[in-house]
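Given next are the chains, with one letter for each unit.
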2 protein chains.
Amino acid sequence: MKSGDSTTIDVPHHEASGGGGASKGKGAILTVPARQEKGGMRRGMAIIDVVLRIGAIMAALAAAAIMGTSDQNLPFFTQFFQFEASYDDMPSFQFFLIAMSLVAGYLVLSVPFSIVSIVRPHASGIRLLLLILDVVALTLATSAAGAATAIVYLAHNGNSSSNWLAICNQFGDFCKTVSSAVVASFVTVVTVMFMILLSALALRKH
Amino acid sequence: MKSGDSTTIDVPHHEASGGGGASKGKGAILTVPARQEKGGMRRGMAIIDVVLRIGAIMAALAAAAIMGTSDQNLPFFTQFFQFEASYDDMPSFQFFLIAMSLVAGYLVLSVPFSIVSIVRPHASGIRLLLLILDVVALTLATSAAGAATAIVYLAHNGNSSSNWLAICNQFGDFCKTVSSAVVASFVTVVTVMFMILLSALALRKH
């Protein structure tokens, strides 16, 4: 609002000597909306960015939380060990948990910067910083999602050539939980991609 | 060069009525280097972008080619089947091959657009398009790399909780080849990340 008002004062200054009262008013009407529209569009983008960011935080937290609480004990056990499946057993799932937690943590920290770019829609430095860090977060989230997907697929289907049997027959609940976490991570990935798209559009010079 | 010259003509136009010949010449000297420097920096970025793109093409092609030629027959066989390991046996490796081929194909197609932005460093539309498509390519390459890494890790180390045995004892050469492909894919990922960083810097309005 403040920057918009200061523009209204600036523009008629150049035409003040030539035009009368009527044309002065007209000049203000013609020029101000163009400037406000551009700032307004960027501000709108920044607001969508914050909303997407909150969505991505929730998806990343959900992915990490679902993965972190995934364990299943089978109702029977032998003398030596109990049959239990947990994310701890698979390095890929551990990596998934760590990566998604890191992404969620980064996204939470990035929200204040995103809010600053609502207040100051023309600050391109913040937007550039967010874009670059978003790309790093995207890479982390995507690699975690890819690795977990490969293992979940293997757990569901097994692999005959390497004699890796499907474990989802025994640990059905564990597989369902882990699959949900993977789906949540893909939601995170898609949301972060849209955030990057939005940042790139906002960075583009007009 | 053309756009720089057109600016030299433009700028003194506004001052032509007031200033003499001397101030006209001075105005031209002051404005042209600033404009050329900015364009030159962008042109330099565009050249680096093309170089990075060619590097990424080679890494992606190497990853796809290494994975595509990875198979190993063991020197003994039973009556029923021969012991053979190939990327065909693992869905993750098939996905890896397809994804890296797609990324390499996209990167080849993107080189002409990148060259256009050397010739016209101020065309931000092309740069925006390349940035968005690069992000998509990055996601594809990263997910393939993540999935293949998870399976390669499993092939090397096995997993005791799910009774998946390491197969690299038998298929050592196969594992080495596949690991090289994974390393090449990570080189691709890092190169594409730098390309995105460069595009974002070039997009930033000055």
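From a predicted model like this one, the values you see are computed outputs, not experimental measurements.

### Points about helix α3 (residues 91–119) of chain B
Part 1 of the argument: In this model, α3(B) (29 residues) spans 43 Å end to end at C-alpha, consistent with the 42 Å of a helix rising 1.5 Å per residue.
Part 2 of the argument: Residue B:Ser110 marks the point of greatest curvature in α3(B), where the axis turns by about 30°; the proline B:Pro112 follows within four residues.

### A short note on the interface of chain B and chain A
Part 1 of the argument: Chain B puts 39 residues into the contact, and the matching count from chain A is 39 residues.
Part 2 of the argument: For the pair chain B and chain A, the two sides together bury roughly 3,400 Å², of which 75% comes from carbon and sulfur.
Part 3 of the argument: The interface formed by chain B and chain A holds zero salt bridges in total.
Part 4 of the argument: Connecting chain B to chain A are six residue pairs in polar contact (both at pLDDT 80 or more).
Part 5 of the argument: Secondary-structure elements contributing two or more residues to the side of chain B that touches chain A are α3, α4 (124–157) and α5 (172–203) of chain B.
Part 6 of the argument: The biggest single contributor to the side of chain B that touches chain A is α4(B), with 18 residues.
Part 7 of the argument: Residues of the side of chain B that touches chain A, tallied by class, amount to 24 nonpolar, eleven polar and four charged.

### Let's talk about the nonpolar core
Part 1 of the argument: The biggest cluster of nonpolar side chains holds 102 residues, and the ones touching the most others in it are A:Phe93, A:Trp164, B:Phe93 and B:Trp164.
Part 2 of the argument: Ignoring anything within four residues of it in the chain, the contact list for A:Trp164 reads A:Leu154, A:Gly158, A:Asn159, B:Met90, B:Ile151, B:Leu154, B:Ala155, B:Trp164, B:Leu165 and B:Ile167.

### Let's talk about the relation of the copies chain B and chain A
Part 1 of the argument: For the pair chain B and chain A, the best superposition has an RMSD of 0.0 Å and corresponds to a rotation of 180° with a translation of 0.0 Å parallel to the axis. Taken together, the rotation and translation relating the two chain copies correspond to the operation of a two-fold axis. Among all residues of chain B, the one whose C-alpha sits closest to the rotation axis is B:Ala147, at a distance of 2.1 Å.

### Notes on the side chain of A:Asn159
Part 1 of the argument: With respect to the helices, strands and loops of the structure, A:Asn159 is situated in the loop between α4 (124–157) and α5 (172–203).
Part 2 of the argument: What makes A:Asn159 buried here is its relative accessible area of 6%.
Part 3 of the argument: Among the polar contacts listed, one links the side chain of A:Asn159 to the side chain of A:Ser161, at a separation of 3.1 Å.
Part 4 of the argument: Not counting residues within four places of it along the chain, the set of residues in contact with A:Asn159 comprises A:Leu154, A:Trp164, B:Asp89, B:Met90 and B:Pro91.

### Remarks on empty space enclosed by the protein
Part 1 of the argument: Within this structure, the stated rule accounts for five cavities of 30 Å³ or more.
Part 2 of the argument: A volume near 70 Å³ is recorded for the largest cavity.
Part 3 of the argument: Taken together, A:Asn159, A:Ser161, A:Ser162, B:Glu84, B:Ala85, B:Ser86, B:Asp89, B:Met90, B:Ile167, B:Phe171 and B:Phe174 make up the full set of residues lining the largest cavity.
Part 4 of the argument: Per element, the largest residue contribution to the lining of the largest cavity is three residues, and it comes from strand β2 (residues 82–86) of chain B.
Part 5 of the argument: When the residues that make up the lining of the largest cavity are grouped by side-chain class, the tally is five nonpolar, four polar and two charged.

### What about the state of the cysteines?
All names here are of chain A.
Part 1 of the argument: In the structure shown here, the tally under the stated rule is two disulfides over all chains.
Part 2 of the argument: A sulfur-sulfur separation of 1.8 Å characterises the disulfide bridge that pairs Cys-168 with Cys-175. When the S-S torsion is -85°, as for the bridge of Cys-168 with Cys-175, the disulfide is left-handed. As far as the burial class goes, Cys-168 and Cys-175 line up, both buried.

### Observations regarding the pattern of salt bridges
Residue and element names in this part refer to chain A.
Part 1 of the argument: Evaluation of the coordinates by the stated rule reveals five salt bridges over all chains.
Part 2 of the argument: We note a salt bridge from Arg-53 to Asp-49, for which the minimum N-O separation is 3.0 Å. Of the two residues, Arg-53 and Asp-49 both sit in helix α2 (residues 21–68), four residues apart, roughly one turn of that helix.
Part 3 of the argument: A residue is classified by how much of its surface remains accessible, and Arg-53, at 0% relative accessible area, is buried.
Part 4 of the argument: Between Asp-134 and Arg-53 there is a salt bridge whose closest N-O contact spans 3.0 Å. Residue Asp-134 is located in helix α4, and its partner Arg-53 is located in helix α2; the two are separated by 81 residues in the primary sequence.
Part 5 of the argument: Salt bridges linked by common partners bring Asp-49, Arg-53, Arg-127 and Asp-134 together as one network.

### Focus: a nonpolar patch on the surface
Part 1 of the argument: A contiguous nonpolar patch, built from A:Phe113, A:Leu129 and A:Leu133 and spanning about 260 Å² of accessible area, is present on the exposed surface.
Part 2 of the argument: Topologically, A:Phe113 is positioned in helix α3 (residues 91–119).

### What about the packing of α3(A) against α4(A)?
All names here are of chain A.
Part 1 of the argument: Between α3 and α4, whose axes approach to 9 Å, the crossing angle comes to 160°. The angle between the axes of α3 and α4 places the two elements in the roughly antiparallel class. The interaxial crossing formed by α3 with α4 has left-handed handedness.
Part 2 of the argument: A class-by-class count of the residues in the contact of α3 with α4 yields 22 nonpolar, five polar and two charged.

### Brief notes about the UniProt feature "transmembrane region" (unreviewed entry) in chain A
Residues and elements named next belong to chain A.
Part 1 of the argument: Mapped onto this structure's residue numbering, the UniProt feature "transmembrane region" (unreviewed entry) falls at residues 45–67, 93–116, 128–155 and 181–203.
Part 2 of the argument: Overall, residues 93–116 shows 100% helix and 0% strand. The separation of its end C-alpha atoms is 35 Å.
Part 3 of the argument: Span residues 181–203 is 100% helix and 0% strand, its end C-alpha atoms 33 Å apart.

### With respect to the environment of A:Ser161
Part 1 of the argument: Residue placement: A:Ser161 occurs in the loop between α4 and α5.
Part 2 of the argument: The exposure class of A:Ser161 is partly exposed, given its relative accessible area of 40%.

### Examining unusual backbone geometry
Part 1 of the argument: Within the chain, A:Asn163 stands out as a residue other than glycine whose phi angle is a positive 60°.
Part 2 of the argument: Examined against the element boundaries, A:Asn163 turns out to sit in the loop between α4 and α5.

Reading guide: rules and limits
Residues numbered from 1 in each chain as written. Chains lettered and ligands numbered in written order. Predicted model: local features only at pLDDT ≥ 70, side-chain atom pairs only at ≥ 80, totals over all residues. Heavy atoms only, no water. Helix = DSSP H or I, 4+ residues; strand = E, 2+ residues; numbered from the N terminus. Expected span 1.5 Å × (residues − 1). Bend = angle between axes of the 7 residues up to and from the residue. Contact = heavy atoms within 4.5 Å. Buried area = accessible area lost by both parts, 1.4 Å probe. Salt bridge = Lys/Arg side-chain N within 4 Å of Asp/Glu carboxyl O. Polar contact = N/O pair within 3.5 Å; in protein donor to acceptor, adjacent residues only side chain to side chain. Nonpolar A, V, L, I, M, F, W, Y, C, P; charged D, E, K, R; others polar. Core = buried A, V, L, I, M, F, W, Y, C linked by side-chain atoms within 4.5 Å. Buried < 20%, exposed > 50% of the residue type's maximum accessible area, 1.4 Å probe, protein only. Least-squares fit on C-alpha atoms with pLDDT ≥ 70 in both. 1 Å grid on protein atoms, 1.4 Å probe; cavity = no way out; pocket = protein on both sides within 12 Å on 5 of 7 lines; lining within 4 Å. Points joined across faces, edges and corners; volume = space filled by probe spheres on them. Disulfide = S-S within 2.5 Å. Patch = residues over 30% accessible without salt bridge, like charges linked within 9 Å, V, L, I, M, F, W, Y side chains within 5 Å. Areas by Shrake-Rupley, 256 points an atom, 1.4 Å probe, with all protein chains shown as cover. Axes fitted to C-alpha atoms, helices over the stretch in contact; angles between N-to-C directions. Parallel < 35°, antiparallel > 145°, perpendicular 65-115°, else oblique. Left-handed = near helix turned anticlockwise from the far one by under 90°. UniProt positions renumbered as here; feature names shortened; annotations may be inferred.

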